[in-house]
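What follows is each chain in one-letter form.
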Amino acid sequence: MSEATAPMATALSGYELLADPQLNKGTAFSEAERDAFHLHGLLPPHVSTLDEQISRALQSLRQFETDLERYAFLRELQDTNETLFYATLVANLEELLPIVYTPTVGAGCQQFSRLYHKPRGLFLSIPHRSRLDQILAHPRFDGVEAIVVTDGERILGLGDQGAGGMGIPIGKLALYSGCGGLHPATTLPILLDVGTDNAECLADPLYVGWRHARVRGQEYDDFIEAFVSAVIRRWPRVLLQWEDFAKTNATRLLELYRDRLCTFNDDVQGTAAVATGTLLAAINVTGVPLVEQRVAVFGAGSAGCGIARLIHTAMCDAGLSESEATARFFMVDRDGLLIEDMPGLAPFQIPFVQKRPAVDGWTLGRPDRIELLDVVRNARPTVLIGVSGEAGAFSEPVVRAMAQCNERPVIFPLSNPTSRAEATPADIEVWTDGRALVGVGSPFPPLLRDGARFRVDQTNNSYVFPGVGLGVLAVGASRVTDGMFMAAAKALADASPARDNPRHNLLPPVSALREVAAQVALAVAMQAHRDGDAPDVAVDQIQQRLRAKVWTPRYVPLTAKET
Ligand SMILES: NC(=O)C1=CN([C@@H]2O[C@H](COP(=O)(O)OP(=O)(O)OC[C@H]3O[C@@H](n4cnc5c(N)ncnc54)[C@H](O)[C@@H]3O)[C@@H](O)[C@H]2O)C=CC1
Ligand SMILES: CC(=O)C(=O)O
Ligand SMILES: [Mg+2]
């Protein structure tokens, strides 16, 4: 009998068994299980198959009028019957990812307090900081291998959502299991509740979080330190993913902890890999070599500087010197182009500033700053990437200027959710006469090209982090390295449909995310092996380990545990 169908023993029965989302099968409990677990009468008599249950779930889902209602339905399903939730998700990734993940998960976070019904994951709040070990110690969490943690301060492009930010770790881990194949029982979403500065949340009588101004400074750092230390004590080899932390904390915390445990920041590093991978795929189409690319990034925050760093490394690997590569980046933030003598630069921005003489005379608009349009007209970038959360920032003049200086401009408005995209693919298509290679953060409707529907590529870190998690955990790597993200980027570019035909998409469709995760995982695991950080694993064992690690959502026969 294969591992997936080996029976599992449980001491639960009756209502308690039906209330456990990891074991509940609803109407799919067999007659024998209904006998053994005292379920007769608690369930309607027909024994359903998983496929019948999926059809029923989809029918219910499609009856709702809004995506938020669909989101609430799927969250309820996840908290009732995880196997059915994941079986439905895996079979319908294209339809359900926009609900479970971006863009609807953003509204799910904003409405979290209204939708809250059942416990999932852990809320660790500052008032309970002395109880961290006690909370993590619960036997339910014994098998945890992957954690996604947020403090809710920068939820997509929607800002501070306080405790409502919990929707993001839940959504990310749904992809870890749905796309990466990690067993849901090995995953744990965590919300660090350090208060919120969101006035609406604080004034909302239904707000479920800690009603307190967001704690900052030393007290915040001490809480994070206490959290990380408690995590290491409880699960020394866990994979910890930081998600949607604000610019002041994201890169800083990554640097502080990356050598202390197996950890990465998805916004900084996962986003870098998907953007680099999509750019490498675009190069196959445009023919402009990496060493000749000029990259403008709008929004020089965690994601923007993470992207710049990985593309910079790729340029250096391709033969440029550090300074030659640096000169090819144009990072634009609220005060315009980042220049060496600008006040208030964050440490992670400093490597990507332009030298003052190189940009002299570039100000065509406001005299006090070099704006995005100035940058595009003067630097003539081949690539324009948006990670600002500023909807519409890629205006018609900016996009037309990109089209003027490039035969095939590469334009990635990556901000999420959909409402925060720097431009819509449809507008870019018109403003560039269909010449642009476009990647967006959230799903958009297909474009009409030559009378046919052309899928819009979704350049989202969901193409990377599930595979990173799978690869790291399958080989037991002790650290997540930058090399792994480069390997992930190259694996993504290798999977590009445009490699075979330049008229095809840059990325595989969302429906192929399980296969993409497997390819990324292989690349990551091989990199761990090259790094000497995959103990006792030979190359030919890696594939086997990856396959063994992948969970497929199907029911496991249950047997009664002797008590
Ligand atoms: N497609 C994807 O996979 C990903 C997309 N994102 C999206 O990117 C956006 C930013 O994420 P982070 O970098 O983590 O946030 P962040 O807060 O660290 O950085 C955003 C930067 O944009 C700048 N900015 C905001 N408004 C601006 C304006 N009007 N003009 C110029 N600069 C402006 C901010 O000053 C900040 O430096 C979010 O909307 C997020 O959803 C982030 C990670 C992954
Ligand atoms: C996709 C993602 O991680 C973000 O928008 O923050
Ligand atoms: Mg994120």
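Quick notes on the rules
- Residues numbered from 1 in each chain as written.
- Chains lettered and ligands numbered in written order.
- Predicted model: local features only at pLDDT ≥ 70, side-chain atom pairs only at ≥ 80, totals over all residues.
- Heavy atoms only, no water.
- Pairing = 2+ DSSP bridges.
- Helix = DSSP H or I, 4+ residues; strand = E, 2+ residues; numbered from the N terminus.
- Contact = heavy atoms within 4.5 Å.
- Axes fitted to C-alpha atoms, helices over the stretch in contact; angles between N-to-C directions.
- Near = heavy atom within 4 Å.
- Polar contact = N/O pair within 3.5 Å; in protein donor to acceptor, adjacent residues only side chain to side chain.
- Areas by Shrake-Rupley, 256 points an atom, 1.4 Å probe, with all protein chains shown as cover.
- Nonpolar A, V, L, I, M, F, W, Y, C, P; charged D, E, K, R; others polar.
- Domains from an automatic or database assignment.
- Buried < 20%, exposed > 50% of the residue type's maximum accessible area, 1.4 Å probe, protein only.
- Expected span 1.5 Å × (residues − 1).
- Donors = N, O, S within 2.8 Å, 3.2 Å for Na, K, Ca; no water.
- Buried area = accessible area lost by both parts, 1.4 Å probe.
- Salt bridge = Lys/Arg side-chain N within 4 Å of Asp/Glu carboxyl O.
- Core = buried A, V, L, I, M, F, W, Y, C linked by side-chain atoms within 4.5 Å.

Topic: the sheet that holds strand 11 (residues 410-413)
Strand order in this open sheet of 7 strands is 9-8-7-10-11-12-15, and the pairing throughout is mixed. Of all strands in the sheet, those with a lone pairing partner are strand 9 (336-337) and strand 15 (457-458), marking the two edges. Sheet topology note: the strand 10 (residues 383-386)/strand 11 ladder contains 4 bridges and is parallel. Paired with I385 across the two strands is F412, which belongs to strand 11. Packed onto the sheet, helix 14 (residues 266-286) meets strand 10, strand 11 and strand 12 (437-440) and runs at close to 155 degrees relative to strand 11.

Describing the environment of G14
Its place among the elements puts G14 in helix 1 (residues 14-18). Linking G14 and G361, residues 347 residues apart in sequence, is a C-alpha distance of 76 Å. What G14 contacts, discounting residues up to four positions off in sequence, is F37, H38, L39 and L42.

Points about the site of ligand 1
R154, K247, A303, D333 and N461 are the nearest of the 25 residues found near ligand 1. The side chain of R154 places a nitrogen or oxygen atom 2.7 Å from an oxygen atom of ligand 1. Between N416 and ligand 1, the recorded distance is 3.3 Å, taken from a backbone N or O atom to an oxygen atom. A total of 850 Å² of accessible area belongs to ligand 1 in isolation, and the protein chains cover 91% of it. In terms of residue class, the shell around ligand 1 is made up of 6 nonpolar, 13 polar and 6 charged. Taken domain by domain, the shell around ligand 1 gets at least three of its residues from each of domain 1 (49-260) and domain 2 (269-460).

Quick look at unusual backbone geometry
For the bond from T102 to P103, the omega torsion is 10 degrees, close enough to zero to count as cis. Among the secondary structure elements, P103 is positioned in the loop between helix 6 (93-100) and helix 7 (104-110). Looking along the chain, the bond that leaves N416 and enters P417 is cis, with omega of -10 degrees. Structurally, P417 can be placed in the loop between strand 11 and helix 19 (425-431). One non-glycine residue, D433, adopts positive backbone phi at about 55 degrees. Using a relative accessible area of 61% as the deciding quantity, one classes D433 as exposed. Even without a glycine there, the phi angle at D450 is positive, about 50 degrees.

Some words on the site of ligand 2
If you check the shell around ligand 2, you find Y101, R154, L156, K172, E243, D244, D266, D267, N416, N460 and N461 and nothing else. The contact in question runs from an oxygen atom of ligand 2 to an N or O atom on the side chain of R154, over 3.0 Å. Between ligand 2 and N416 there is a distance of 2.8 Å, counted from an oxygen atom to a side-chain nitrogen or oxygen. Computed on the free molecule, ligand 2 has an accessible area of 210 Å², of which 91% lies beneath the protein chains in the complex. Residue composition of the shell around ligand 2, by class: 2 nonpolar, 3 polar and 6 charged.

Focus on helix 14
Taking 1.5 Å of rise per residue, 21 residues should cover 30 Å, and helix 14 covers 28 Å from first to last C-alpha, within 8% of that figure. Most of helix 14 is tucked away: 19 of the 21 residues are buried. For helix 14, the side-chain oxygen to backbone nitrogen distance between the N-cap and D267 is 2.8 Å, and the N-cap itself is N265. Looking one or two residues past helix 14, G287 carries a phi angle of roughly 80 degrees, positive in sign.

Thoughts on the coordination of the magnesium ion (ligand 3)
Around the magnesium ion (ligand 3), the donor atoms from the protein are E243 (OE), D244 (OD) and D267 (OD), and they sit 2.1 Å away. All donors of the magnesium ion (ligand 3) belong to a single chain; written as a sequence motif, their spacing is E-D-x22-D. With D244 in the loop between strand 5 (239-242) and helix 13 (250-257) and D267 in helix 14, the pair connects residues that are 23 residues apart, well separated along the chain. Classification of D267 as buried rests on a relative accessible area of 6%.

Section: the domain arrangement of the protein
Split into domains, the protein comes out as domain 1 (49-260), domain 2 (269-460) and domain 3 (463-549). Relative to domain 3, the C-alpha centre of domain 2 lies at a distance of 25 Å. Each partner contributes to the interface: domain 2 provides 27 residues, whereas domain 3 provides 22 residues. The junction of domain 2 with domain 3 conceals about 2,000 Å² of combined surface from both sides, 63% of it contributed by carbon and sulfur atoms. At the surface where domain 2 touches domain 3, the tally comes to 2 salt bridges. The shortest N-O distance in the salt bridge between R309 and D482 comes to 2.9 Å. Linking domain 2 with domain 3 are 9 residue pairs in polar contact (both at pLDDT 80 or more), by the criterion used here. Among the elements of the structure, helix 14, helix 15 (302-317) and strand 15 are those that each provide at least two residues to the side of domain 2 that touches domain 3. Ranked by the residues each element gives to the side of domain 2 that touches domain 3, the list is headed by helix 14, at 12 residues.

Section: the nonpolar core
Grouped together as the largest cluster of nonpolar side chains are 111 residues, with contacts concentrated most on M331, V468, V472 and V480. Examining the composition of this core, we find that 10 residues originate from one element, helix 14, more than from any other. Contact partners of V472, with chain neighbours within four places excluded, come to L239, C262, A477, V480, M484 and V524.

Points about the side chain of Q269
Along the polypeptide, Q269 turns up in helix 14. Residue Q269 is classed as buried on the basis of its relative accessible area of 5%. Within polar-contact distance, the side chain of Q269 engages the side chain of D482 at 3.5 Å. Residues within four places of Q269 in sequence aside, it is in contact with L254, R258, F264, D482 and F485.

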